[in-house]
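# A look at the structure
One-letter residues, chain by chain:
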Amino acid sequence: MKIRDIKVIVASPGRNFVTVKIITDEGLYGIGDATVNGREKAVVAYLEEHVIPCLIGRDPMQIEDIWQYLYKGAYWRRGPITMAAISGIDMALWDIKGKAANMPLYQLLGGASREKVLIYQHVGGLTIEETVEGVVALKEAGLEAIRAQVSIPGLPPIYGTGKAKDQDSDVFRQGLPTEEVWATHKYLPLVPKLFEKLRDTVGYDVHLLHDVHHRLTPIEAARLGKDLEPFRLFWLEDAVPAELQEGFRLIRQHTTTPLALGEIFNTIWDCQQLISEQLIDYIRVTSVHAGGVTGLRRIFDFASIYHVRSACHGPMDVSPVAMGANVHVDRWVPNFGIQEYSGYTEATHEMFPHSWSQDKGYLLTGEAPGHGVDIDEKVAAKYPYERAYLPVARATDGTLWSW
Ligand code: KDG
Ligand code: MG
């Protein structure tokens with residue numbers, strides 16, 4: 001079997017997605033997600049100009065050799081654009097192998113470690129009361145794990161609240177990045193009040209999570225983790241930007257609140273110290289950013305040595321294709337933690353027919369060969385790409401802040 005052609009399909013059924021389609025000379029094809037939110041066209045160029053010409057005529061069964069060729073052979077290793085391109089190719093090759101073997105991807109990896117995959121979904125409110133209402137509603141809908149965010153009184157809505165909580169909202173398509181306002185000294189005392197109210201309202205039999213979104217220093221994160229200990233969070237996510245992996249030692253010294261990190265990581269090197277020093281409890285790498293199925297398998301196996309569990313990133317900008325790859329990995333991986341699932345627009349579900357499905361607080365893989373997700377190119381043609389950006393944040397004095 002040989003790779004006959006590779007297409008890159010860019011479409012925007014509510015938000016932009018970059019999808020790789022690898023077609024073989026025996027009629028089989030596989031698809032992969034290569035979406036980098038806000039930088040989509042950079043990945044398209046990387047694939048079309050530099051990757052695809054090298055792959056035509058190769059044996060699609062040689063997944064590992066192709067992965068190594070694209071990683072080491074590029075010379076310029078790592079980075080979100082390179083690794084999203086490799087991820088899309090890798091997902092598509094695993095899809096082809098599953099179809100050729102007539103087996104679902106989780107079986108190719110070693111079979112099921114669980115029948116269904118625990119998920120968490122998001123609630124974001126402009127006030128504590130609004131967030132509490134949303135959490136009550138999701139708990140009543142059968143969710144067992146819920147991420148709760150709240151805006152800061154007196155400031156415009158921040159990440160995960162207001163219009164920005166729905167990633168297909170027009171707040172992401174203003175032509176230029178929208179700007180959010182941040183104030184750590186207002187945020188730090190607010191969050192413990194939110195989770196005290198949440199625990200008083202819904203009790204302790206539902207997992208509660210919170211995403212700091214890279215905005216604190218280690219000692220501020222330590223303070224927040226200590227203040228949240230009575231409310232037994234499932235995790236505190238992205239407490240601090242993690243270029244300085246050792247910075248998490250400082251948080252770890254002060255708090256037992258579990259820590260999650262890694263949605264923006266793209267190789268094992270981004271988290272090798274965090275994992276090997278047990279500075280985190282959940283690693284958030286996801287198939288579309290961390291080297292596809294091959295990349296996830298390597299990182300999660302490494303993490304299993306250090307009691308670190310998987311927690312694939314899964315917002316709306318991780319396409320249903322990557323969600324499919326994630327859920328199959330989730331079903332196999334022994335050190336599974338949880339899967340994020342934000343849901344999708346109806347147009348996205350229509351563009352990406354998928355055999356995975358949601359059953360209240362869980363996702364099911366389905367038994368279709370490969371990752372079980374397809375792309376309807378006719379539907380994709382109805383939703384052309386439109387440039388969109390993630391917001392940026394500034395502190396109240398104008399200082400550019402991590403968003
Ligand atoms: O594209 C960036 C988003 O996916 C990110 O802001 C969402 O932090 C996020 C999360 O945990 O889903
Ligand atoms: Mg996050």
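Being a predicted model, the structure only gives us computed values, none of them experimental. (Residues numbered from 1 in each chain as written. Chains lettered and ligands numbered in written order. Predicted model: local features only at pLDDT ≥ 70, side-chain atom pairs only at ≥ 80, totals over all residues. Heavy atoms only, no water.)

This paragraph deals with the sheet that holds strand 3 (residues 29-33). Reading across from one edge, 1-2-3 is the order of the three strands in this open sheet, with antiparallel pairing throughout. Looking along the sheet, the strands with just one partner apiece sit at the ends: strand 1 (3-11) and strand 3. Across the sheet, the axes of successive neighbouring strands diverge by a mean angle of 20°, strand direction being ignored. Sheet topology note: the strand 1/strand 2 (residues 17-24) ladder contains eight bridges and is antiparallel. Within strand 2, the position partnered with I3 by the bridge is T24. Contacts from helix 1 (residues 40-55) reach strand 1 and strand 2 within the one sheet, and its direction differs from that of strand 1 by about 175°. (Pairing = 2+ DSSP bridges. Helix = DSSP H or I, 4+ residues; strand = E, 2+ residues; numbered from the N terminus. Axes fitted to C-alpha atoms, helices over the stretch in contact; angles between N-to-C directions. Contact = heavy atoms within 4.5 Å.)

What follows covers the site of ligand 1. Taken together, the neighbourhood of ligand 1 is formed by 16 residues, with N37, H213, E263, D317 and E340 sitting nearest. The separation between an oxygen atom of ligand 1 and a polar side-chain atom of N37 is 2.9 Å. Within the contact set of ligand 1, an oxygen atom lies 2.4 Å away from a side-chain nitrogen or oxygen of E340. Considered on its own, ligand 1 offers 330 Å² of accessible surface; in the complex 94% of this is hidden by protein. Split into classes, the residues belonging to the shell around ligand 1 amount to four nonpolar, five polar and seven charged. (Near = heavy atom within 4 Å. Polar contact = N/O pair within 3.5 Å; in protein donor to acceptor, adjacent residues only side chain to side chain. Areas by Shrake-Rupley, 256 points an atom, 1.4 Å probe, with all protein chains shown as cover. Nonpolar A, V, L, I, M, F, W, Y, C, P; charged D, E, K, R; others polar.)

Let's shift gears to the packing of aromatic side chains. Taken as a whole, this structure holds 13 aromatic pairs when the rule is applied. Here a set of aromatic residues connected by ring pairs shows up, and it is made of Y120, F234, W235 and Y282. Positioned over the ring face of F17 is R15, at 5.3 Å from the centre of the ring. Over the face of the ring belonging to W67 we find R298, whose NZ or CZ atom lies 5.6 Å from the ring centre. (Phe/Tyr/Trp six-rings, centres within 6.5 Å; stacked < 30°, edge-to-face > 60°. Lys NZ or Arg CZ within 6 Å of the ring centre and 35° of its normal.)

What follows deals with the domain arrangement of the protein. With domains assigned, the protein is organised as domain 1 (3-103) and domain 2 (108-369). If you average the C-alpha positions of domain 1 and of domain 2, the two centres end up 26 Å apart. Taken residue by residue, the interface counts 34 residues in domain 1 and 33 residues in domain 2. Where domain 1 abuts domain 2, roughly 2700 Å² becomes buried across the two surfaces, and 62% of that area is made up of carbon and sulfur atoms. (Domains from an automatic or database assignment. Buried area = accessible area lost by both parts, 1.4 Å probe.)

Where burial is concerned, most of strand 5 (residues 145-150) is hidden: six out of the six residues are buried. Residues A145, R147 and Q149 point to one face of strand 5 and I146, A148 and V150 to the other, with burial holding for every one of them. One ladder, built from three bridges, connects strand 5 with strand 7 (residues 207-211); its direction is parallel. When the bridges of strand 7 are listed, R147 appears paired with L209. (Buried < 20%, exposed > 50% of the residue type's maximum accessible area, 1.4 Å probe, protein only.)

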